[in-house]
Amino acid sequence: NLFRNRWTGSVVDLRNFLMAYIDRPMQWGVDDCSLIIADWWRANHGDDPARDIRGTYSDEAGKAAIVDAAGGLLPLVDGLAQSVGASASAANRDGDFAVLALGDGLVSCGIRSGRFWAIRSETGIAFTSNVRVIKGWSI
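Right, let's walk through the structure included here. Model, not experiment: these values are computed from the prediction.

**Focus on the nonpolar core**
One recurring pattern in soluble globular proteins is that nonpolar side chains are buried together.
Okay, so step 1: With 31 residues, the main nonpolar core has Phe-97 and Ile-111 as its most contacted residues.
Okay, so step 2: For this core, the elements supplying multiple residues, two or more each, are helix H1 (14–19), helix H2 (33–45), helix H4 (73–83), strand E4 (97–102) and strand E5 (107–113).
Okay, so step 3: With seven residues, the top contributor of residues to this core is H2.
Okay, so step 4: Sequence-distant contacts of Phe-97, that is, excluding residues within four places in its chain, are made with Ile-37, Trp-41, Ala-86, Ala-91, Gly-110, Ile-111, Trp-117, Lys-135, Gly-136, Trp-137, Ser-138 and Ile-139.
Okay, so step 5: Core analysis: the second largest hydrophobic core is formed by six residues, Ala-91, Ala-98, Leu-102 and Trp-117 among them.

See the structure below:
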């Protein structure tokens, strides 16, 4: 699961990237579900698709206001992905990212890792395969 940063040439290891979040409690506006995929993009490409929203909210209500203003999580993430030139994909390769419908009916963002999806949870990273890809992008 090694990727080469297109700006610096350094190698980005997906496993090590996810391990940095594995037991770290989530912080709204810092490293929540949409910002972790922005962090993943930044680690691989150098630019931050979420630079305009990062740090502008600090709780779930603030996040909800930003998501609502964008018309939902999919339009928000799609706009951020388009702003940095991310290519839409089936999101079936390691490192791809997506907006996902989870088995419990919630919608979240995740990063493909093997046959699982890594999803930011309140206590760290959760891994699940019980998802439906709503829209995905290649890293």
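That was the structure; now back to the text.
**Quick word on the pairing of E4**
Okay, so step 1: The element E4 is extensively covered by neighbouring structure, given that six of its six residues are classed as buried.
Okay, so step 2: Summarising the sheet, E4 and E5 pair through five bridges and their orientation is antiparallel. Along E5, the bridge assignment pairs Phe-97 with Ile-111.
Okay, so step 3: Hairpin connection, E4 to E5: the antiparallel pair is bridged by four residues, and Gly-105 has positive phi, about 95 degrees.
Okay, so step 4: Both E4 and strand E8 (residues 131–137) contribute to a ladder of six bridges, which runs antiparallel. Bridged to Phe-97 within E8 is Trp-137.

The rules behind each value
- Residues numbered from 1 in each chain as written.
- Predicted model: local features only at pLDDT ≥ 70, side-chain atom pairs only at ≥ 80, totals over all residues.
- Heavy atoms only, no water.
- Core = buried A, V, L, I, M, F, W, Y, C linked by side-chain atoms within 4.5 Å.
- Buried < 20%, exposed > 50% of the residue type's maximum accessible area, 1.4 Å probe, protein only.
- Helix = DSSP H or I, 4+ residues; strand = E, 2+ residues; numbered from the N terminus.
- Contact = heavy atoms within 4.5 Å.
- Pairing = 2+ DSSP bridges.

Coordinates in, geometry out; function isn't part of it.
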